[in-house]
Amino acid sequence: MAMRLQLTEGFELLEEWAESASQAERNVLYEALFAVGDGSAFLIYDIFGDPRDRSNFILAVKPALVLKVLLRRADSSFAIRYIGAPDDDRVDAVEDTAPAQEQPSSPDGA
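Now for a quick tour of the structure. Note that the structure is a prediction, hence the values are computed from the model and not measured.

## So, the pattern of salt bridges
For step 1, the next point in the chain: In total, this model carries 3 salt bridges according to the counting rule given.
For step 2, the next point in the chain: Residues Glu 9 and Arg 81 are paired through a salt bridge, measuring 3.7 Å at the closest nitrogen-oxygen approach. Placement of Glu 9 in strand S1 (residues 6-9) and of Arg 81 in strand S5 (residues 77-84) is noted, with a sequence separation of 72 residues between them.
For step 3, the next point in the chain: The exposure class assigned to Arg 81 is partly exposed, which follows from its relative accessible area of 35%.
For step 4, the next point in the chain: Notably, a salt bridge pairs Asp 50 with Lys 68, separated by 2.9 Å at the nearest N-O pair. Here Asp 50, found in strand S2 (residues 46-50), pairs with Lys 68, found in strand S4 (residues 65-72); they are 18 residues apart in sequence, far enough to count as distant. Take Asp 50 and Lys 68: they sit in the same class, and that class is buried.
For step 5, the next point in the chain: A single network of salt bridges, built from pairs that share partners, joins Glu 9, Arg 72 and Arg 81.

Next comes the structure, spelled out in structure tokens:
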């Protein structure tokens, strides 16, 4: 039986991120948030556990966008902890858990 979760924290992060996101990016992120809320996210998205905190999960929403959430099973809620690129320093747990992606090499070696 799927557990329904209510978003209780992270609205400020969502608003801040949405200001600079395209409509298409907002749409896919909102779909991911609804999937977390209705319990279907684990069936739809690639999800990685945060090795530093077992309550945090990182959803690969699309190649350049991840969503980190904190699940609170005790009160059937979740909180947004991060929204953005998987290579951002603020979500270094993604770097530890996400599959490596090949980067094209430049002639300069950068």
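## A look at the packing of aromatic side chains
For step 1, the next point in the chain: Counting across every chain of the model gives 1 aromatic pair.
For step 2, the next point in the chain: Where Phe 42 meets Phe 57, the ring centres are 5.6 Å apart and the plane angle is 85°; that geometry is what we call edge-to-face. Highlighted residues: Phe 42 in helix H3 (residues 41-44) and Phe 57 in strand S3 (residues 53-62), separated in sequence by 15 residues.
For step 3, the next point in the chain: On the basis of relative accessible area, Phe 57 is assigned to the buried category, the value being 14%.

Conventions we followed
- Residues numbered from 1 in each chain as written.
- Predicted model: local features only at pLDDT ≥ 70, side-chain atom pairs only at ≥ 80, totals over all residues.
- Heavy atoms only, no water.
- Salt bridge = Lys/Arg side-chain N within 4 Å of Asp/Glu carboxyl O.
- Helix = DSSP H or I, 4+ residues; strand = E, 2+ residues; numbered from the N terminus.
- Buried < 20%, exposed > 50% of the residue type's maximum accessible area, 1.4 Å probe, protein only.
- Phe/Tyr/Trp six-rings, centres within 6.5 Å; stacked < 30°, edge-to-face > 60°.

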